[in-house]
Amino acid sequence: AVVSTQSTGARTAVVVCTFFVICYIIFETAVILVLDDHGEFCQNSERFPMSFRNKYVSYSHLLLFINSALNVLIYGLMHRSVRAQVSKIVCCSKTRLGSSS
């Protein structure tokens, strides 16, 4: 049982880190597109129009927040103990809500 728990923990860490690296690389790419050679905000660029860069930066920033939300789902999907605790909380909440009305 100990080996199984350790391998599940290792797999979870790999999945969480992989999602983080993917999201962070996309965000850093957006930052590079927005900055010029001197590290200042670039207003004009022939390669990437401003509307594209604004959308790309906004979506990549949103992706960092989504990454944090995905961590909760990853832990929940990969760990039986987390699923059990969440179901206890949800079931208790439903019972409390049902009894109070």
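Residues numbered from 1 in each chain as written. Predicted model: local features only at pLDDT ≥ 70, side-chain atom pairs only at ≥ 80, totals over all residues. Heavy atoms only, no water.

1. So, a nonpolar patch on the surface
Step number 1: Together, Phe20, Val21, Tyr24 and Ile25 give the surface a local cluster of nonpolar side chains, amounting to about 380 Å² of exposed area.
Step number 2: Looking at the secondary structure, you find valine 21 in helix 1 (residues 2-34).
Step number 3: Exposure remark for valine 21: the relative accessible area of 43% places this residue in the partly exposed category. (Patch = residues over 30% accessible without salt bridge, like charges linked within 9 Å, V, L, I, M, F, W, Y side chains within 5 Å. Areas by Shrake-Rupley, 256 points an atom, 1.4 Å probe, with all protein chains shown as cover. Salt bridge = Lys/Arg side-chain N within 4 Å of Asp/Glu carboxyl O. Helix = DSSP H or I, 4+ residues; strand = E, 2+ residues; numbered from the N terminus. Buried < 20%, exposed > 50% of the residue type's maximum accessible area, 1.4 Å probe, protein only.)

2. Points about the side chain of asparagine 67
Step number 1: Locating asparagine 67 in the fold gives a position in helix 2 (residues 50-78).
Step number 2: Relative accessible area serves as the criterion here: at 4%, asparagine 67 is assigned to the buried category.
Step number 3: Residue contacts for asparagine 67: discarding those within four places in its chain leaves Phe19, Phe20 and Cys23. (Contact = heavy atoms within 4.5 Å.)

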